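Coordinates in review
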Amino acid sequence: MADRAQGQVSQGQTPEGQMPDVLVVGAGFAGMYAVHRFRSQGLSVKALEAGSDVGGTWYWNRYPGARCDVPSLEYSYGFSAELEQEWDWPEVFSAQADILRYANHVADKFDLRRDMQFDTRVVAVEWLDDAHRWRLTTEAGERFEAPFCVMATGCLSIPITPSVPGAADFRGEVYHTGMWPKEPVDLAGKRVGIIGTGSSGVQAIPELARQAAHLTVFQRTPVYTVPANRKRMRPDVQQEFREHYREIREMQQNNQGGVSTFRPRKSVRREARVDTTNAPPTRLLDLTSEQRRDAIDRFGLGALLAFRDVYSDARANEIANELYRDTVRTMVRDPDTAERLLPKTYGLGCKRQVIDRDYYDTFNRDNVTLVDLVETPVDTVDATGVRTSARHYELDVLVYATGFDAMTGALLRANIRGRGGRKLADKWRDGPVAYLGLQMAGFPNLFTVTGPGSPSVLCNMLVAIEQHVNWIGNCIGWLRANGARTIEPREESETGWIAHVNEVAEGTMFTAPTCNSWYLGANVPGKARIFMPYVGGYPRYRARCEREAAHRYEGFALG
Ligand code: N01
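As a convention, each chain's residues are numbered from 1 in the sequence order in which they are written. Since the coordinates come from a predicted model, pLDDT governs what is reported: local features require at least 70, and pairs of side-chain atoms require 80 or more to be given and counted, while whole-chain, interface and lining totals use all residues. By convention in this description, side-chain values take in all heavy atoms of the structure and omit both hydrogens and water.

**Structural notes on the overall build of the protein chain**
The condition is simple: For the purposes of this entry, the term helix denotes a DSSP run of H or I that reaches at least four residues, the term strand denotes a run of E that reaches at least two, and both are numbered from the N terminus. Only the C-alpha atoms count toward the radius of gyration. The rule for a globule is 2.2 Å times the residue count to the power 0.38. Here's how the labels work: a residue is buried when its accessible area is under 20% of the maximum for its type, exposed when over 50%, partly exposed in between, all with a 1.4 Å probe on protein chains only. Only heavy atoms enter the contact rule, under which two residues are in contact if any of them lie within 4.5 Å. Shrake-Rupley sampling with a 1.4 Å probe provides the accessible areas, and residues are treated as covered by the protein chains on show and by no other component. Two residue types count as positive, namely Lys and Arg, and two as negative, namely Asp and Glu; His and chain ends fall outside the count. Taken as the charge centre is NZ of Lys, CZ of Arg, CG of Asp or CD of Glu, depending on the residue.
Broken down by element type, the protein chain carries 18 helices and 21 strands. Here the protein chain has a C-alpha radius of gyration of 24 Å; the compact-globule value for 559 residues is 24 Å, and the two agree. Dimensions along the principal axes, computed over C-alpha positions, put the protein chain at roughly 70 × 60 × 45 Å. The buried share of the protein chain, taken over its 559 residues, is 55%. Across the protein chain, contacts joining residues at least 24 apart in sequence account for 71% of those joining residues at least 6 apart. Counting every atom, the protein chain has about 24,000 Å² of accessible surface; 48% of that belongs to carbon and sulfur. Between the centroid of the 67 positive side chains of the protein chain and the centroid of its 70 negative side chains there is a distance of 1 Å.

Right, here's the structure in full:
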């Protein structure tokens, strides 16, 4: 290891005392699989992680109510049949604690920690032109070097806290959902305020309301949220998945969002008998208004998400938005509160769909107050609470559920410098430019897992991660076998890909003029507005990556 006092270069010693082949930044699901995959192909690897253990998103986001919106049987690694067969999920959609338990199990089973260093934040990533390798510097001053560097830093890993005047004066407890403490937070008898009503806020609000004496929700933009599936895992359903896992993983590979269409037949007989000839049409516009109402009465608000035209046709979208609003008006008892909770300035499908447990019902509780920050903006935070333009709210605890500097935040904060010392921050001044979300021209041998321009957050993340790590591992293996030392995209590959990423996003609700989402960078003041993930579908994207590998990486320059 580095001699911190003298600032000497440590070359990221592996057990054999050599410089590793690959340095990996991050030990979330991407970094964990990268360590395992690279090791299994005979590469030496070292992963550096800012947290004290594995888990990434699921390590940091421990706020009450945190859980995944992809079924756990699918939001799990597919690389080990043994792992699939031995792990039991307690719920269909798992809570954070269970997902973190799974991450720990994987780390133990594959002995991943042996090649990981925790409590180590990377603050500089620099290409050494003459030595043809990357040098990583940590906050503590340690240095690591390797010919390849893989940024497995996550898409939503840099929490943002808005700069509210006086925020530092608040004398109560302050938390961010994305950096929730490991130790239990006792909210009993306390007056809690929460700012933010995105996925994190919507999940946290019902739980905080149950625990606190009083909860004040400071809402700037109302949310579209649909009720979550809350089923316990049935052992026979899990068993049936286990019997079909190879087929399921194959289906994931061919699904737009990386989630299979597998439906248990043996264990869920009743559903299997449903007469599909009476299935609802897939276009909302094809239904009469009575049929639309009936669909919501029977299947709840989530029914609106099943109609494809809601995402592609502005008329269908507005009909769905209005149906949504009408339904919420029936769910919240106080009409003024209900009206304030209705999203009116943008449509369904613009943002990542939020899934909740008891969100609207929480506003029927006596101990919950909704504050509309558009009507009465925050003036200041002071020692005892939050002052809006209308009044002062006394608080003991203030929770920020204010989101992340998504997709690019972690990469830019790592101070990456490529050939000739060129800063990634300069290259990305007008938005991220990368080829396939995997590599950037001018930054040889640097790979990003689920980087901007790849399906990433629009895909089952575990599927997207495994595909990227496999591609990177194969690429490094191929370079070695073919005597190439470096790889980076050709500039024209990059510009062509970005044009394609923009083209497929155009005309969708994601990029509607009324839409302001973190996908577009709109949640960070000053961030370039550009749609960052690839919306053209995972199978199409995967085929493009495979074509590159099959054609000797023709879109890349080799050195
Ligand atoms: O963050 P967000 P998030 N004053 O950016 C508000 C994933 N995730 O952490 O819209 C007042 O969505 C902001 O208001 P506005 C998932 O991909 C998944 O909730 O900017 N309010 C908004 O209401 C998700 O999309 C899961 O007007 C301010 C909120 O803070 C992503 O993470 C669970 C403000 C931020 O919402 C991010 O979700 C949790 C200010 N100055 C997260 N600044 C699941 O798997 C911001 N806000 C289910």
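**Structural notes on helix H18 (residues 538-550)**
How we decide: Expected span, for any helix, means 1.5 Å times one less than how many residues it has.
Between its first and last C-alpha atoms H18 spans 18 Å; for 13 residues at 1.5 Å apiece the expected length is 18 Å, and the two agree. Restricting attention to buried positions, one finds in H18 the residues Tyr-538, Pro-539, Tyr-541, Arg-542, Cys-545 and Glu-548. Buried residues along H18 sit against helix H7 (245-253), helix H16 (461-481), helix H17 (491-505) and strand S21 (556-558). Count one or two residues on from H18 and you reach Arg-552, which has phi positive near 50 degrees.

**Comments concerning the sheet that holds strand S8 (residues 173-176)**
By way of backbone hydrogen bonds, the strands of a sheet pair with one another, either parallel or antiparallel. The line we're drawing: A pair of strands counts as paired when DSSP detects no fewer than two bridges linking them. To obtain an axis, a line is fitted to C-alpha atoms, over the contacting stretch when the element is a helix, and the angle between two such axes runs from 0 to 180 degrees between their N-to-C directions.
If you walk across this open sheet you meet the five strands as S8-S17-S9-S10-S13, and the pairing is parallel. Unpaired on one side and paired on the other, S8 and strand S13 (368-372) mark the two borders of the sheet. Averaged over all neighbouring strand pairs, the angle between strand axes comes to 20 degrees, with direction disregarded. One ladder, built from five bridges, connects strand S10 (residues 214-219) with S13; its direction is parallel. Following the sheet pairing, Gln-219 is matched in S13 by Asp-372. On top of the sheet, helix H5 (residues 199-211) reaches strand S9 (191-195), S10, S13 and strand S17 (397-400); it is set at about 170 degrees to S9, its chief contact.

**Re unusual backbone geometry**
Its identity as a non-glycine residue notwithstanding, Met-407 has a phi of 65 degrees, on the positive side. Its place among the elements puts Met-407 in the loop between S17 and helix H14 (409-413).

**What about the sheet that holds strand S19 (residues 446-448)?**
If you trace the five strands from one edge of the open sheet to the other, you get S3-S2-S1-S7-S19, paired in parallel fashion. Of all strands in the sheet, those with a lone pairing partner are strand S3 (116-117) and S19, marking the two edges. Direction of pairing for strand S2 (residues 45-48) relative to S3: parallel, over a ladder of two bridges. When the bridges of S3 are listed, Ala-47 appears paired with Met-116. Taken strand by strand, H16 contacts strand S1 (22-25), strand S7 (148-151) and S19, and its axis lies near 160 degrees from that of S19.

**Here's the deal with the side chain of Thr-337**
Within the secondary structure, Thr-337 is located in helix H12 (residues 335-340). By relative accessible area, Thr-337 is classed as buried at 14%.

**Regarding the packing of aromatic side chains**
Cut-off, in case you're wondering: To pair, rings of Phe, Tyr and Trp, with the six-membered ring standing in for Trp, must have centres within 6.5 Å; the planes then decide the type, stacked if under 30 degrees apart, edge-to-face if over 60, and tilted in the middle. Here, a charge over a ring means that NZ of Lys or CZ of Arg falls within 6 Å of the ring centre while also lying within 35 degrees of the ring normal.
Applying the stated criterion across every chain, the model contains 35 aromatic pairs. Here Phe-241 and Phe-262 contribute two aromatic rings whose centre-to-centre distance is 5.0 Å and whose plane-to-plane angle is 80 degrees, an arrangement assigned as edge-to-face. Residue Phe-241 is found in helix H6 (residues 235-243), and its partner Phe-262 is found in the loop between H7 and helix H8 (269-272); the two are separated by 21 residues along the sequence. Phe-262 carries the same exposure label as Phe-241, and that label is buried. Each member of the aromatic cluster is reached from another via a ring pair, and the members are Phe-29, Tyr-33, Trp-58, Tyr-75, Tyr-77, Phe-79, Trp-87, Trp-89, Tyr-102 and Phe-110. In this structure, Lys-109 packs its charged tip against the face of Phe-110, placed 5.8 Å from the ring centre. The ring of Tyr-393 has Arg-391 lying over it, and the distance from NZ or CZ to the ring centre is 4.0 Å.

**A look at the site of the ligand**
Basically, it comes down to this: Summary of the distance rule: residues count as near a molecule or strand when at least one heavy atom falls within 4 Å of that molecule or strand. For this analysis, a polar contact is any N or O atom pair within 3.5 Å, provided that within protein one partner can donate a hydrogen and the other can accept it, and provided that sequence-adjacent residues contribute only side-chain to side-chain pairs. Residue classes follow a fixed rule: Ala, Val, Leu, Ile, Met, Phe, Trp, Tyr, Cys and Pro count as nonpolar, while Asp, Glu, Lys and Arg count as charged, and any other residue, Gly among them, counts as polar.
In the vicinity of the ligand, 23 residues are found, and the nearest of them are Thr-197, Ser-200, Arg-220, Thr-221 and Trp-518. Within the backbone of Ser-199, one N or O atom sits 2.9 Å away from an oxygen atom of the ligand. One of the side-chain nitrogen or oxygen atoms of Ser-200 is found 2.6 Å away from an oxygen atom of the ligand. For the ligand, whose unbound accessible area comes to 920 Å², protein coverage reaches 84%. Looking at side-chain class alone, the shell around the ligand contains nine nonpolar, nine polar and five charged residues.

**Concerning the packing of H16 against H18**
Condition: For classification purposes, an angle smaller than 35 degrees is called roughly parallel, one larger than 145 roughly antiparallel, one from 65 to 115 roughly perpendicular, and anything else oblique.
Between H16 and H18, the least distance of the axes is 11 Å, while the angle of their chain directions is 5 degrees. As far as their axial angle goes, H18 and H16 are roughly parallel. In this structure, H16 contributes Val-463, Gln-467, His-468 and Trp-471 to the contact, and H18 contributes Tyr-538, Tyr-541, Arg-542, Cys-545, Glu-548 and Ala-549. Of the residues in the contact of H16 with H18, the class split is six nonpolar, two polar and two charged.

**Section: the state of the cysteines**
Stated precisely, the cut-off is as follows: Cysteine sulfur atoms are paired as a disulfide whenever they fall within 2.5 Å.
Applying the stated criterion across every chain, the model contains one disulfide. Disulfide partner of Cys-350: Cys-515, at an S-S distance of 2.0 Å. Taking the sign of the S-S torsion, about 85 degrees here, the bridge from Cys-350 to Cys-515 comes out right-handed. Within this pair, whereas Cys-350 is found in the loop between H12 and strand S12 (354-356), its partner Cys-515 is found in the loop between H17 and H18, the two being separated by 165 residues in sequence. Taken as a pair, Cys-350 and Cys-515 share a single burial class, namely buried. For Cys-475, which is in no disulfide, the shortest distance to another cysteine sulfur is to Cys-545 and amounts to 11 Å. The buried category is assigned to Cys-545, whose relative accessible area is 0%.

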